[in-house]
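What the coordinates show
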Amino acid sequence: MTAGRVHGLFVGGELVEAASGELRELSEPATGAPLARCALAGEADVDRAVAAARGALDGRWGKTPPPERSRLLHALADAIEAERDALAELETRNTGKPISSTGGEVAGAAEVLRYYASGIASIQGRATPFGSSLLHYSLKEPVGVCAQIVPWNYPILMAGWRLAPALAAGCAVVLKPDPQTPLTALRVAELAAAAGFPAGAVNVLPADGPTTGAYLVSHPGVDKVAFTGSTRTGAEVMRLAAAGIKRLTLELGGKSPNVVFADAPLPEVIPASAWAVYASAGQSCECRSRLLVERSVYDEVVAGVAAAAGRIRAGDPLDPETQLGSLSSRAHRDRVHGFVAAGVEEGAEVVCGGGIPDGPGAFYPATVLASVDNAMTVAQEEIFGPVVSAIPFEDEDDAVRIANDVRYGLFATVWTGDPGRGHRLAQRIRAGQVGVNTPFTARPGIPFGGYKQSGFGRELALETLEAYLETKSVLVGIGARTPNPFGL
Ligand code: NAD
């Protein structure tokens, strides 16, 4: 399936070469070894994929009724589950993430497809009688061609999150993965075709963002844009989409707090707090990268998380025992390390980690920074690596103030032995999700998305379907006589 193979674009139900013939060399982040070559889409390929998507809507896919769409989504989920191990290995080789995580991410992609396969049943219009002369009813129709742009940190999971609601709603998709991590999304498209999705319903174009991605967003044949990525790029995508009044949802960055009160059960909280930041090596939008700790237990919690960081099994991501793999690239690792160096420059103290290890790959150790003030760069900017900034707070009001004092609002976790306080903080923290006494985040059925500059729109919920549907009102005259409003 992988090493040495040349991967095409997926357009109109088949793998094709890029019109330019351009290929991108992919290597394994954990070793630097060559992995594969993949076609790189350009503007002509976008034109072709958008036309294929439109053709699907005008043809067989547009006429596929909801129960059949549901069956197809389940069939794709079956195919993904049947290939779980191979897909997980492909994802691990392409991203450097541990196979212990990518297996779950492959399963998560199948799970979200099944969730929306069932959720199709909720797509319903309504009828409203207006006396004896007028009947109104509404129809739910697919928005049309959706451009879906996803990042490199969870390639197959993000593909699943995007494809499932769009296809459930009856839209056709042009998915643009990051050009460095396109392999599992391309395989999912192949599996979709084999499962019976009509040609053009699912198209996948690995492509560079600022050029081809921007062209896709601006394309007049695209009706809706769903973007997942950084806040900076999200602002640019919003600007481009505005010109065509495109429907838009944005899932952007985060700088999420993990708030620990002194009355919380610290022996459980400390390992869970380490997981909340170091899972996926911190390359997660919902990474709890700010550790806010009540001052009376600050030293104990910081030392505990540093000790837990030291126990994390780091290394070869293909080893099933590994918990912390490689970062996505050496360039990204340098960026992460740059943040740590800037933190030290501003007065933070490195409690553990914080150095680039010798050897191949893009590894970076689990790092704890203490003595951090919330105004520092490391507390304000998304580092997207295994780095937590520990910040003390005095009381509940102070915790809320610091938790909210960032431009992001994606996630927050609160640990406390006082249930009332947990609920109070859930109300006062401005974030799309707040976990109380649990580190866990996204799963189908729980609306996921951001406040503030973390974006807008919600994933993983039935309400997500609305973002892929238009409501059409039909008005029917049912009076006995034909109305003559002008009296002509
Ligand atoms: P990025 O913004 O650099 O890129 C994201 C995607 O956008 C890539 O496919 C890229 O090729 C494309 N792109 C770049 N410029 C573009 C342009 N001008 N027009 C159209 N497309 C363009 O982000 P990244 O570094 O790849 O991903 C990490 C970011 O994603 C983090 O900020 C993370 O928090 C965020 N993220 C958010 C969620 C969420 O659900 N909120 C989930 C995963 C990741």
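The structure displayed is predicted, hence computed values, not measured ones. (Residues numbered from 1 in each chain as written. Predicted model: local features only at pLDDT ≥ 70, side-chain atom pairs only at ≥ 80, totals over all residues. Heavy atoms only, no water.)

1. As for the packing of helix 2 (residues 66-82) against helix 4 (residues 99-119)
The condition is simple: Angles here are taken between N-to-C directions and fall from 0 to 180 degrees, while the axes themselves are lines fitted to C-alpha atoms, restricted in helices to the stretch in contact. Comment: elements are numbered from the N terminus, with helices defined as DSSP H or I runs of at least four residues and strands as E runs of at least two. When describing relative orientation, an angle under 35 degrees is termed roughly parallel and one over 145 degrees roughly antiparallel, while 65 to 115 degrees is termed roughly perpendicular and anything else oblique. Crossings are classed by handedness, with left-handed meaning an anticlockwise turn of the near helix from the far one by less than a right angle and right-handed meaning a clockwise turn. We call two residues contacting when some pair of their heavy atoms lies within 4.5 Å. Polarity classes work like this: nonpolar for Ala, Val, Leu, Ile, Met, Phe, Trp, Tyr, Cys and Pro, charged for Asp, Glu, Lys and Arg, and polar for all others, with Gly in that last group.
Packing of helix 2 against helix 4 brings their axes to within 8 Å, and their N-to-C directions diverge by 165 degrees. Taken together, the axes of helix 2 and helix 4 are roughly antiparallel relative to one another. Our pair here, helix 2 against helix 4, has a crossing hand that is left-handed. On helix 4, the residues that touch Ser70, Leu73, His74, Leu76, Ala77, Asp78, Ile80 and Glu81 of helix 2 are Val106, Ala110, Leu113, Arg114, Tyr116, Ala117 and Ser118. Along the lines of polarity and charge, the residues of the contact of helix 2 with helix 4 split into 9 nonpolar, 3 polar and 3 charged.

2. Comments concerning the environment of Leu139
Quick reminder of the rule: Categorising residues by exposure relies on relative accessible area from a 1.4 Å probe, with only protein chains included: less than 20% of the type maximum marks a residue as buried, more than 50% marks it as exposed, and the intermediate range marks it as partly exposed.
Locating Leu139 in the fold gives a position in strand 7 (residues 134-142). Judged by relative accessible area, Leu139 falls into the partly exposed class, the value being 35%. C-alpha of Leu139 to C-alpha of Ser473: the two residues are 334 residues apart in sequence and 6.5 Å apart in space. Excluding residues within four positions of it along the chain, Leu139 makes contact with Glu470, Thr471, Lys472 and Val474.

3. Here's the deal with the domain arrangement of the chain
Rule in force here: For the domains described, the bounds stem from an automatic or database domain assignment. Put simply, buried area is how much 1.4 Å-probe accessible surface two parts lose in total, over both of them, once they are put together. What makes a salt bridge here is a side-chain nitrogen of Lys or Arg within 4 Å of a carboxyl oxygen of Asp or Glu, nothing more.
If you check the domain split of the chain, you get domain 1 (6-252 + 454-473) and domain 2 (257-436). Its C-alpha centre places domain 1 at a distance of 31 Å from the equivalent point of domain 2. Of the residues lining the interface, 20 residues belong to domain 1; the matching set on domain 2 comes to 28 residues. Overall, the association of domain 1 and domain 2 removes approximately 1800 Å² of surface from exposure, summing both partners, and the carbon and sulfur fraction of that is 56%. Summed over the shared surface of domain 1 and domain 2, the result is 0 salt bridges. Ranked by the residues each element gives to the side of domain 1 that touches domain 2, the list is headed by helix 3 (residues 84-95), at 4 residues.

4. Overview of the pairing of strand 9 (residues 172-176)
To keep things clear, this is the line we draw: We call two strands paired when DSSP finds no fewer than two bridges between them.
The buried count for strand 9 comes to 5 of 5 residues, which makes it a mostly enclosed element. Neither face of strand 9 is left uncovered, since the one carrying Ala172, Val174 and Lys176 and the one carrying Val173 and Leu175 both have all their residues buried. Both strand 8 (residues 145-149) and strand 9 contribute to a ladder of 5 bridges, which runs parallel. Bridge pairing in strand 9 links Ile149 to Lys176. Here 3 bridges tie strand 9 to strand 10 (residues 202-204), and the two strands are oriented parallel to one another.

5. Some points on helix 13 (residues 396-404)
As a reminder of what qualifies: Definition of a polar contact: a pair of N or O atoms within 3.5 Å, with one able to donate and the other able to accept a hydrogen when the atoms are protein atoms, and with sequence-neighbouring residues admitted only if both atoms are side-chain atoms.
Of all 9 residues in helix 13, 7 are buried, a share of seventy percent or more. Listing the buried residues of helix 13 in full gives Glu396, Asp398, Ala399, Val400, Ile402, Ala403 and Asn404. In this structure, the buried side of helix 13 is in contact with strand 13 (257-260), strand 14 (290-294), strand 17 (387-393), helix 14 (419-428) and strand 21 (451-452). The distance from a side-chain oxygen at the start of helix 13 to the backbone nitrogen of Asp397 is 3.3 Å, and the residue carrying that oxygen is Asp395.

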